[in-house]
Amino acid sequence: MKTERVADTDVRYRRTGDGDLAVVFVHGFLDDQYAWDRLIPQLTTPGIECVTLDLAGCGDRDAVDGPYDYDRFADEAGAVVDALGKPFVIVGHSMGAAVAELVAVQRPDRARGLMLVTPVPLAGVHLPDEMIEQFRSLGGDAEAQRGVREQLSAAFPEAELDRLVATGQHLRPEVVRALADCWNTGHPHGEQPSSYAGPVLILRGEGDGFVTEDMVNDAIAPRFTAMTAVSVAEAGHWAHIEQAADVATHLDRLLAEAHGTDSAPAANTPPPAGVDERLRAEVRRRVR
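Residues numbered from 1 in each chain as written. Predicted model: local features only at pLDDT ≥ 70, side-chain atom pairs only at ≥ 80, totals over all residues. Heavy atoms only, no water.

**Student:** An account of the overall build of the chain is requested, with residue identities and associated values reported.
**Tutor:** For the chain, the helix and strand inventory stands at 10 helices and eight strands. The C-alpha atoms of the chain give a radius of gyration of 17 Å, which matches the 19 Å a tight globule of 288 residues would have. Projected onto the principal axes, the alpha-carbon positions of the chain cover approximately 45 × 40 × 35 Å. Among the 288 residues that make up the chain, the fraction classed as buried is 59%. Carbon together with sulfur atoms contributes 47% to the accessible area of the chain, which is approximately 11,000 Å² in total. Taking the 27 positively charged and 46 negatively charged side chains of the chain as two groups, their mean positions are separated by 2 Å. (Helix = DSSP H or I, 4+ residues; strand = E, 2+ residues; numbered from the N terminus. Rg over C-alpha atoms; globule rule 2.2 N^0.38 Å. Buried < 20%, exposed > 50% of the residue type's maximum accessible area, 1.4 Å probe, protein only. Areas by Shrake-Rupley, 256 points an atom, 1.4 Å probe, with all protein chains shown as cover. Lys, Arg positive; Asp, Glu negative; His and termini not counted. Charge placed at Lys NZ, Arg CZ, Asp CG, Glu CD.)

Here's what the structure looks like:
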């Protein structure tokens, strides 16, 4: 493993493995690049290089000034992709899924695949003020952050839960508010069908009460032309952490397709298990 920096920026990225296809991972709300460390060792596809980075305001870059919005995040993640100088598959979790799509759209000649892990809609979730405030006010509140993670997960490993709570607690309150506004408001490109025409894998945890099956079917999946949707049992919003081996299996199939050696996994989207019915119902109503 080695860490490199994009020239003339503070953007650093970790590189693991060696191959002619890069797999770039973009973390989600309150998380950091190390959230992928349970998944990456489970991958079995040969000839790949795995790359992680921290978004502005998060992880090792928690002191970076704003703005904290999708355009900036996509520019920085895209700069990492460009520095790698090879074809890539990009994987994004939750808010990071929107960033991943924007990066892929801007580089159709090198983007070989897109994986959206429990993604929020690029167009935004549009929770009402009283509900989004629950997320905007999480900055510095470890107990509240733990509560959200426990509520929206099904099998969070205790050690990783503790680590991510500590990571999220370090984010400045103004950063947390801006991040929540970012994924709640969305990006204008999300109002139209995606211009990314390559293979897309949408993965959600069956126990995710936030990114529901309805949200995927109504606000995310219809935007893509070459899309496969799968669900993972005994997983919630952090499926890549809760069931890392299962998620790695699905990603390996997408990587095989990117190499042109296999087909995409079959669709499998059973009904989700509810966690917070009021929040779930509001999210469903807002994205229709």
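So that's the structure; there's more coming.
**Student:** Got a sec to walk through the nonpolar core? Specific residues and values, please.
**Tutor:** With 70 residues, the main nonpolar core has Tyr70, Phe73, Phe135 and Trp183 as its most contacted residues. Top element by residues in this core is helix H2 (residues 95-106). It accounts for eight residues. The next biggest cluster of nonpolar side chains, apart from the first, holds 25 residues, and it includes Met115, Val117, Leu201 and Ala248. (Core = buried A, V, L, I, M, F, W, Y, C linked by side-chain atoms within 4.5 Å.)

**Student:** Describe the environment of Leu102, listing the residues and the values that go with them.
**Tutor:** One can find Leu102 in helix H2. Accessibility expressed as a relative area gives 3% for Leu102, which makes it buried. Sequence spacing of Leu102 and Thr9 is 93 residues, and the spatial spacing of their C-alpha atoms is 20 Å. With near-sequence residues (within four places) excluded, Leu102 lies in contact with Tyr70, Ala74, Leu122, His187 and His189. (Contact = heavy atoms within 4.5 Å.)

**Student:** Describe the packing of aromatic side chains, listing the residues and the values that go with them.
**Tutor:** On inspection of all chains with the given rule, the structure shows six aromatic pairs. When the ring centre of Phe224 is taken as origin, the NZ or CZ atom of Arg223, which lies over that ring, is 5.5 Å away. (Phe/Tyr/Trp six-rings, centres within 6.5 Å; stacked < 30°, edge-to-face > 60°. Lys NZ or Arg CZ within 6 Å of the ring centre and 35° of its normal.)

**Student:** I'd like to hear about the packing of helix H3 (residues 129-136) against helix H6 (residues 173-185), residue by residue, with values.
**Tutor:** As a packed pair, H3 and H6 sit with axes 8 Å apart at the nearest point and diverge in direction by 135 degrees. What the angle tells us is that H3 and H6 run oblique. Here the hand of the crossing between H3 and H6 comes out right-handed. Where H3 abuts H6, its residues Ile132, Glu133, Phe135 and Arg136 lie against Val176, Arg177, Ala180, Asp181, Trp183 and Asn184. Taken together, the residues of the contact of H3 with H6 sort by class into five nonpolar, one polar and four charged. (Axes fitted to C-alpha atoms, helices over the stretch in contact; angles between N-to-C directions. Parallel < 35°, antiparallel > 145°, perpendicular 65-115°, else oblique. Left-handed = near helix turned anticlockwise from the far one by under 90°. Nonpolar A, V, L, I, M, F, W, Y, C, P; charged D, E, K, R; others polar.)

**Student:** Quick rundown of H6? Include the residues and the values.
**Tutor:** When the terminal C-alpha atoms of H6 are compared, their 18 Å separation across 13 residues agrees well with the 18 Å that a helix rising 1.5 Å per residue should span. All buried positions along H6 are accounted for by Val175, Val176, Leu179, Ala180, Cys182, Trp183 and Asn184. Those residues of H6 that are buried lie in contact with helix H1 (70-84), H2 and H3. A positive phi of about 85 degrees marks Gly186, the residue just after H6. (Expected span 1.5 Å × (residues − 1).)

**Student:** Go over H1 with me, naming the residues and quoting the values.
**Tutor:** Taking 1.5 Å of rise per residue, 15 residues should cover 21 Å, and H1 covers 21 Å from first to last C-alpha, within 8% of that figure. Turning to H1, its buried residues number three or more, namely Tyr70, Arg72, Phe73, Ala74, Glu76, Ala77, Gly78, Val80, Val81 and Leu84. Following H1 by one or two positions, Gly85 has its phi on the positive side, about 65 degrees.

**Student:** Kindly report on the pairing of strand S6 (residues 111-117), identifying the contributing residues and their values.
**Tutor:** The element S6 is largely enclosed, with a buried count of six among its seven residues. In this structure, strand S5 (residues 88-93) lies alongside S6, joined through six bridges in parallel fashion. For Phe88, the partnering residue across the bridge sits in S6 and is Ala111. Where the polypeptide runs from S5 across H2 and back to S6, its parallel neighbour, the crossover connection is right-handed. (Pairing = 2+ DSSP bridges. Right-handed = clockwise from strand over helix to strand, strands pointing away.)

**Student:** An account of the sheet that holds strand S1 (residues 2-5) is requested, with residue identities and associated values reported.
**Tutor:** Strand pairs in the sheet, formed through backbone hydrogen bonds, run parallel or antiparallel to each other. Pairing is mixed in the open sheet, where eight strands are placed in the order S1-S2-S4-S3-S5-S6-S7-S8. Where the open sheet ends on each side, the last strands, each with one partner, are S1 and strand S8 (227-232). With strand direction ignored, the average angle separating the axes of adjacent strands in the sheet is 20 degrees. Judged from the four bridges that link them, S6 and strand S7 (residues 200-205) form a sheet pairing that is parallel. Residue pairing in the sheet places Val117 in a bridge with Leu203 of S7. Relative to strand S4 (residues 48-53), H1 is tilted by about 150 degrees, and along the sheet it contacts strand S2 (12-17), strand S3 (21-26), S4 and S5.

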